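Architecture at a glance
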Amino acid sequence: MLSTASHMPVIAWAAAAACLSGAATLLLTPAMIKAAHALDWLDYPQADRWHATPTALMGGVAMYGAGALALLLLGPLAGVGTDVGLIGGGATLLFAVGMVDDLWGVGPTTKLAAQVGAAVLLMAAGHVFGPGWPLWVSGPVTLVWVIGITNAVNLLDNMDGLAAGIGGIAAVALTAFAAAGGALSAALLGGTVGGAALGFLWFNAKPARIFMGDCGSLVLGYGVAALAVMGQGAVAAGPGVAVLAPICALAVPILDTTLVTVARTQAGRPVTNGGQDHTSHRLVTLGLSESAAVGTLHGMGAIAGGVGLTALVVEPTLFYAACAFGTVALGVIGGSLGRLEVYRTARVGGDGAPSVSTSPSSNAQTAQGRWQTVAAYLVGDGLLIGGALAAAHALVGSGGLGSGGLAGAEGVPIVEGALLVGAIQLVVLYAMGLYRRLWRHAGTPGIARIVGTTLLAQAATAGGLALVYGLDTVSAPLLMVDGLILTLGVLGSRLGLRGLQRGASFYRSRVAPAESTSNVLLYGTGERAMLALRALRDAEETDRVPVGFVDPDPSKQDQIVQGLPVFGGGRACADLCREHDIDEVIVAVGDAAPHFEREVARQCAEAGVACRSFDVQMKPLGSGREDSTHGEPMPGPPA
């Protein structure tokens, strides 16, 4: 029977481990909830915590017990006793330290020592970060990786269902990657970790009935960190693919830890102190509910894991391009969320909505400095340029890294050509002012500048290649594809913050409007109305949500402007207010006849809604005298 079992497919072993571990977790966790309440192992609400009611702790006991049961039963059958046993020893060490910390508390030095010991046991099992690297490089990197990911998952356990979901999703992706390469021990461990995490998610999702505690989050973090290392040697792929693919599955914990570390450092706060400044908290500050914030991060984790799995089915060049674009996307998300001021907000309610809205942190912007901003742009654009060229090389020609040169331009060596193209295009982007503009409010002129700049960059690239390698090495198809991809990438990197704001605004108005939200109807569709709409969407207050326009011009009826419908002038404003549950009408018609405003005000009074006039004025400041040229309306710029 043992012989038959040992010949089961690797994926079958992973599935068996997941089912056994998940079922055991589902059975053990309710018992742990009862025990925690009986023994007063409860996590009570605190200022730096997110939950509002006492919640059972020590859920990690059920997770660890279920995982240990699965490995003890299936490990001998699969014939993977030694290496899995050593890694299990590392998990046991972290579980013990985490349990002591949950009950009585331990210092950071003790936790660090336990993590170092667990990393040493992983290396003793024959698994190091970077297959083929020299031991003097891979050893220290493995140590840093295990400590970093273990703590990253531990820090991610800050909202109901977040760490369990992210850990389970990462374990599934890493298990699939390992199983594709036939790594039995990694697949068995991955199924065990994934089953325990996803089984625990049933009880940990909002509203959480139990928290995993450090005895669970440290073990979960160590498990996925070990899986990422074990999977690197499983698949024969291009240079760097084996390292990058497992890292993709853990992009969310890496993003969160990086964001928290940078933000706390810039704010002058100790990095080790807890707080409501994680990625999940910032998404709530942006306007999402707690469940939506957790779901968003789960989705990001699934996408990142999917990108890592594409390494199994696409050319290495395309995979490298996808990693470059994904890194820039995470940088845009992190930079956008990092601008939110989260250190002075107070939280009310069980869902974690901030009691007051927040605005971008001027302190963070000042601390960052211009040189850091430019450096971030240079790194991001360098990744975009390299990713665009790699994708174009793969799409236009064979895409193989072993070819003699760039696809369509075989006389251009890949490395030298990529460096030349990158240098030329970065110079053009810098010279055209793409690093000196504030893109948060960019509109059509900014988009036109980006498109024109990338076109100029392609022309300069063609000239540089012709000058260095000859005119016959210039490939029009290569440059066209490269230019299109680069344009889309630069547009996304510059307009990402605005896209996040618009997405959050749409969510607030369409999906989860707050009880205090006021539905706003804009009267007018001209330049001033567009400026009013932008002011509403970019305002610090989030309690006004524009739902549409009304315009006296019948020709504009049923049109869509800035994503909102236009209600024509043939219908009374009062009727529109009643039909669409309008709380406030804002008149933004510029120099229209006064009777328009009087009529709108009369109809608003009839409907029982507030009516305001939007205007922009220049007024004298501290001059102490009248100025007939000031105090006049300033027409707003076109949106």
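All figures in this text were calculated on a predicted structure; none of them were measured in a lab. (Residues numbered from 1 in each chain as written. Predicted model: local features only at pLDDT ≥ 70, side-chain atom pairs only at ≥ 80, totals over all residues. Heavy atoms only, no water.)

Re the overall build of the protein chain
- Of regular secondary structure, the protein chain possesses 21 helices and 10 strands.
- Burial analysis of the protein chain (639 residues in total) assigns 47% to the buried set.
- The long-range share in the protein chain, meaning contacts at least 24 apart out of those at least 6 apart in sequence, stands at 74%.
- Here the protein chain has roughly 28,100 Å² of accessible surface; of this, 65% comes from carbon and sulfur atoms. (Helix = DSSP H or I, 4+ residues; strand = E, 2+ residues; numbered from the N terminus. Buried < 20%, exposed > 50% of the residue type's maximum accessible area, 1.4 Å probe, protein only. Contact = heavy atoms within 4.5 Å. Areas by Shrake-Rupley, 256 points an atom, 1.4 Å probe, with all protein chains shown as cover.)

What to know about the packing of aromatic side chains
- Counted by the stated rule, this structure contains 6 aromatic pairs.
- A centroid spacing of 6.3 Å and a plane angle of 50° characterise the contact between phenylalanine 319 and tyrosine 320, whose relative ring orientation is tilted.
- Of the residues examined, phenylalanine 319 reaches a relative accessible area of 1% and is grouped as buried.
- Both rings, one in tyrosine 377 and one in tyrosine 435, keep their centres 5.5 Å apart while their planes meet at 10°; by these two values the pair is stacked. With tyrosine 377 in helix α15 (residues 362-396) and tyrosine 435 in the loop between α16 (414-431) and α17 (444-469), this residue pair connects regions lying 58 residues apart in the sequence. Each of the two residues, tyrosine 377 as well as tyrosine 435, counts as buried. (Phe/Tyr/Trp six-rings, centres within 6.5 Å; stacked < 30°, edge-to-face > 60°.)

As for the packing of helix α7 (residues 162-180) against helix α13 (residues 290-309)
- The geometry of α7 relative to α13 is characterised by a closest axis approach of 9 Å and an angle of 10° between their N-to-C directions. Taken together, the axis directions place α7 and α13 in an arrangement best described as roughly parallel. With respect to the hand of their crossing, α7 and α13 are arranged in right-handed fashion. Judged by residue contacts, Leu162, Gly165, Ile166, Ile169, Ala173, Ala176 and Phe177 of α7 engage Val294, Leu297, His298, Gly301, Ala302, Gly305, Gly308 and Leu309 from α13.
- In terms of residue class, the contact of α7 with α13 is built from 10 nonpolar, 5 polar and no charged. (Axes fitted to C-alpha atoms, helices over the stretch in contact; angles between N-to-C directions. Parallel < 35°, antiparallel > 145°, perpendicular 65-115°, else oblique. Left-handed = near helix turned anticlockwise from the far one by under 90°. Nonpolar A, V, L, I, M, F, W, Y, C, P; charged D, E, K, R; others polar.)

Thoughts on the pattern of salt bridges
- Under the defined criterion, the tally for this structure stands at 8 salt bridges.
- Its salt-bridge partner being arginine 264, residue aspartate 277 comes within 2.7 Å of it at the nearest N-O pair. With aspartate 277 in the loop between α11 (251-266) and α12 (279-286) and arginine 264 in helix α11, this pair connects stretches of sequence that are 13 residues apart. Exposure class is identical for aspartate 277 and arginine 264. Each is buried. (Salt bridge = Lys/Arg side-chain N within 4 Å of Asp/Glu carboxyl O.)

Remarks on the nonpolar core
- Judged by nonpolar contacts, the single largest core of 70 residues is most densely connected at Ile87, Leu122, Trp145, Leu188, Tyr222 and Val224.
- The set of elements that each furnish at least two residues to this core consists of α2 (10-39), α3 (59-78), α4 (81-103), α5 (108-124), α6 (135-156), α7, α8 (184-204) and α9 (214-231).
- At 12 residues, the largest contribution of residues to this core is made by α9.
- Contacts of valine 224, omitting those with residues within four sequence positions, involve Ile149, Val153, Gly167, Ala170, Ala171, Leu174, Val193 and Leu250.
- The next biggest cluster of nonpolar side chains, apart from the first, holds 21 residues, and it includes Leu384, Ala390, Val428 and Ala457. (Core = buried A, V, L, I, M, F, W, Y, C linked by side-chain atoms within 4.5 Å.)

Overview of the sheet that holds strand β10 (residues 610-613)
- In space, the 6 strands of this open sheet follow the order β7-β8-β6-β5-β9-β10, with mixed pairing throughout. For this open sheet the edge positions go to β7 (560-561) and β10, each flanked by a neighbour on one side alone.
- Across 6 bridges, the pairing between strand β5 (residues 518-523) and strand β6 (residues 544-550) is parallel. Across the sheet, residue valine 520 finds its bridge partner in β6, namely proline 546. (Pairing = 2+ DSSP bridges.)

Observations concerning the confidence of the model for the protein chain
- Per-residue pLDDT for the protein chain averages 83, and the proportion of residues at 70 or more is 82%.
- The low-confidence segment residues 627-639 (pLDDT under 50) makes 28 contacts with residues lying over four places distant or belonging to another chain. (pLDDT = per-residue confidence, 0-100.)

Quick word on α9
- For α9, which comprises 18 residues, the first-to-last C-alpha distance of 25 Å matches the rise-based estimate of 26 Å (1.5 Å per residue) to within 8%.
- With 18 of its 18 residues buried, α9 lies for the most part within the structure. (Expected span 1.5 Å × (residues − 1).)

Overview of the pairing of strand β9 (residues 584-587)
- Going residue by residue along β9, you find Glu584 and Ile586 tucked away on one face and Val585 and Val587 tucked away on the opposite face as well.
- As paired strands, β5 and β9 are joined by 4 bridges and run parallel to one another. Looking at the pairing, tyrosine 523 lines up with valine 587 of β9.
- Two elements, β9 and β10, share 4 bridges in a ladder whose sense is parallel. Looking across to β10, one finds that glutamate 584 is bridged to alanine 610.

A short note on the side chain of aspartate 214
- Mapped onto the secondary structure, aspartate 214 falls in helix α9.
- Not counting the four nearest positions on each side in its chain, aspartate 214 is found in contact with Gly98, Asp101, Asp102, Lys111, Asn154 and Val219.

Some words on the state of the cysteines
- If you walk through the whole model with that rule in mind, you get 0 disulfides.
- For cysteine 604, which is in no disulfide, the shortest distance to another cysteine sulfur is to cysteine 611 and amounts to 3.9 Å. (Disulfide = S-S within 2.5 Å.)

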